[in-house]
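Observations on the three-dimensional arrangement
In case you want the letters, here they are:
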Amino acid sequence: MQLSTKHLLGIRALTREDIELILSTAEQFKDVLQRPVKKVPSLRDVTIVNLFYENSTRTRISFELAEKRLSADTINFTASGSSVSKGETLLDTVNNILSMKVDMVVMRHSASGAPHFLAQHIPAAIVNAGDGINEHPTQGLLDALSMKQALGTLEGIRVAIIGDIMHSRVAMSNIYLLKKMGAEVMVAGPPTLIPPYIREAFGVKVEYKVKDALEWCDVANVLRIQLERQSQPLFSSLREYNLAYGVTRRLVDGLKKDIFIMHPGPINRGVELDSDVADSRHSLILQQVENGVAVRMAVLYLLAGKN
């Protein structure tokens, strides 16, 4: 089987069959990563450029490690210190890189739609590693794999996405994917951080009390407060946010059932999520990090036309 698309620009463009193929391939690569020799020659003839216009730690390292595990040749590009600072356009930058015979571009950009723009103008396969507040598809896929491994299925599970929904590309990819796979989705947090149209546009539940959201869900995916994307104050203080909307040990211990806790990182400990919850037996956060490499290996492998 092969993907129905040449690029991974977002979850919205994938079919349910595409998602199932990526997740099943990722599970096979996760088995490979448990071996003493973790490297396979699958992409030995493929050159990939990591084009990051935004700061990143987990996503960038995860992609680089995935590429090395697949034996691909890798080029790392950062906007700072490059000709971008001299005024070079995005398209000129990429065309210059492509002239060096690059097969695939992994791109993170602060502008929503930047990977889609590139896909219309260059022949290489594009992987969206996060664009503005639009989507972060590989994060959505690794979150889905983590949930599936913990619960056995995605069909019918209840997932609460809690926090800064308005500015989160992770939230959008999770909503698209979970709805496609038959899960129930709720968004929760301050009214100022939840778009007013989201219930009707995406068919999700909306809750403003975090305790009620935790009581409802099987999995709580807690999001970081993205202060860098907020042009005006949307809540009084970080301390008051934690008191009103933070996922604390007291809340989790007070539930009548066990739930799983997730976070895409980086965690603002003591703000949206307390340390003793992030590090508890309820947490899937380290599994998310581990699954990130396997999912990105699967995406790169399938987009390169391997099967």
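What counts and what doesn't
Residues numbered from 1 in each chain as written. Predicted model: local features only at pLDDT ≥ 70, side-chain atom pairs only at ≥ 80, totals over all residues. Heavy atoms only, no water. Helix = DSSP H or I, 4+ residues; strand = E, 2+ residues; numbered from the N terminus. Rg over C-alpha atoms; globule rule 2.2 N^0.38 Å. Buried < 20%, exposed > 50% of the residue type's maximum accessible area, 1.4 Å probe, protein only. Areas by Shrake-Rupley, 256 points an atom, 1.4 Å probe, with all protein chains shown as cover. Lys, Arg positive; Asp, Glu negative; His and termini not counted. Charge placed at Lys NZ, Arg CZ, Asp CG, Glu CD. Arc of directions from axis to C-beta. Contact = heavy atoms within 4.5 Å. Pairing = 2+ DSSP bridges. Right-handed = clockwise from strand over helix to strand, strands pointing away. Salt bridge = Lys/Arg side-chain N within 4 Å of Asp/Glu carboxyl O. Phe/Tyr/Trp six-rings, centres within 6.5 Å; stacked < 30°, edge-to-face > 60°. Axes fitted to C-alpha atoms, helices over the stretch in contact; angles between N-to-C directions.

Tallying secondary structure elements over the chain gives 12 helices and 9 strands in all. Since a compact globule built from 307 residues should have a radius of gyration of about 19 Å, the 19 Å found for the chain is in line with a globular shape. Within the chain, the proportion of its 307 residues that are buried is 56%. Working note: accessible area of the chain is about 13,300 Å², and carbon and sulfur atoms make up 50% of it. Once the 35 positive and 33 negative side-chain charges of the chain are each reduced to a mean point, those two points are 2 Å apart.

Once that is clear, we can look at helix H3 (residues 90–98). The complete set of buried residues in H3 reads Leu-90, Thr-93, Val-94, Ile-97 and Leu-98. Taken end-on, H3 shows its buried residues confined to a sector of 130 degrees, consistent with a single buried face.

So, on to the side chain of Ser-146. Residue placement: Ser-146 occurs in helix H5 (residues 137–151). The residues contacting Ser-146, other than those within four sequence positions of it, are Met-262, Leu-284, Gln-287, Gln-288 and Asn-291.

Turning to the pairing of strand S4 (residues 125–131), a few remarks are in order. Across the 7 residues that make up S4, a large majority, 7, are buried. Bridging between strand S3 (residues 104–109) and S4 involves 5 bridges; their strand directions are parallel. From the neighbouring strand, Met-107 faces S4, where its bridge partner is Asn-128. The handedness of the S3 to S4 crossover, carried by helix H4 (residues 114–119), is right-handed.

What follows concerns the pattern of salt bridges. Evaluated as defined, the whole model comprises 8 salt bridges. Put simply, Glu-155 and Arg-16 hold a salt bridge, and the shortest N to O gap is 3.1 Å. A residue pair is termed long-range when its members are at least 10 positions apart, and Glu-155 in the loop between H5 and strand S5 (158–162) and Arg-16 in helix H1 (residues 16–33) qualify at 139 residues. Classification of Glu-155 as partly exposed rests on a relative accessible area of 45%.

The next subject is the environment of Tyr-245. Relative to the elements of secondary structure, Tyr-245 occurs in helix H9 (residues 238–245). Leaving out residues up to four positions away in the same chain, Tyr-245 has contacts with Ile-162, Gly-189, Pro-190, Pro-191, Tyr-208 and Val-210.

What follows deals with the packing of aromatic side chains. Under the definition given, this model contains 4 aromatic pairs. Note on Tyr-53 and Phe-77: the rings are 5.7 Å apart at their centroids and 45 degrees apart in plane angle, and the pair reads as tilted. Note that Tyr-53 is positioned in the loop between strand S1 (47–52) and helix H2 (58–69) and Phe-77 in strand S2 (residues 73–78), a separation of 24 residues in sequence. Residue Tyr-53 is classed as buried on the basis of its relative accessible area of 18%. Both rings, one in Tyr-176 and one in Phe-202, keep their centres 5.6 Å apart while their planes meet at 65 degrees; by these two values the pair is edge-to-face.

Once that is clear, we can look at the sheet that holds S1. Strand order in this open sheet of 4 strands is S2-S1-S3-S4, and the pairing throughout is parallel. One side of each edge strand has no neighbouring strand; the edge strands of this open sheet are S2 and S4. Here the strands of the sheet are splayed against their neighbours by 15 degrees on average, with no regard to which way each runs. As judged from the 5 bridges shared by S1 and S3, these two strands associate in the parallel manner. By the bridge assignment, Val-49 is partnered in S3 with Val-105. In the packing of H3 onto the sheet, the strands contacted are S1, S2 and S3, and the crossing angle to S1 comes to about 155 degrees.

With that settled, the discussion passes to unusual backbone geometry. Looking along the chain, the bond that leaves Gly-265 and enters Pro-266 is cis, with omega of -5 degrees. The backbone of Ser-71 sits at a positive phi, close to 70 degrees, despite the residue not being glycine. With respect to the secondary-structure elements, Ser-71 resides in the loop between H2 and S2. Here Ser-71 falls in the buried class, since its relative accessible area comes to 16%. Phi at Lys-101 takes a positive value of approximately 70 degrees, unusual for a residue other than glycine. Its relative accessible area of 64% is what places Lys-101 among the exposed residues.

Moving on: the sheet that holds strand S8 (residues 219–222). The parallel open sheet is built from 5 strands, whose spatial order is S7-S6-S5-S8-S9. Both outer strands of the open sheet, strand S7 (205–207) and strand S9 (260–262), are each paired with one neighbouring strand and no more. Taking each pair of neighbouring strands and ignoring which way they run, the sheet shows an average axis angle of 25 degrees. Pairing of strand S6 (residues 184–188) with S7 involves 3 bridges; the strand directions are parallel. Each residue of the ladder has a partner; that of Val-187, found in S7, is Val-206. Across the face of the sheet, H5 comes into contact with S5, S8 and S9 while running at roughly 165 degrees to S9.

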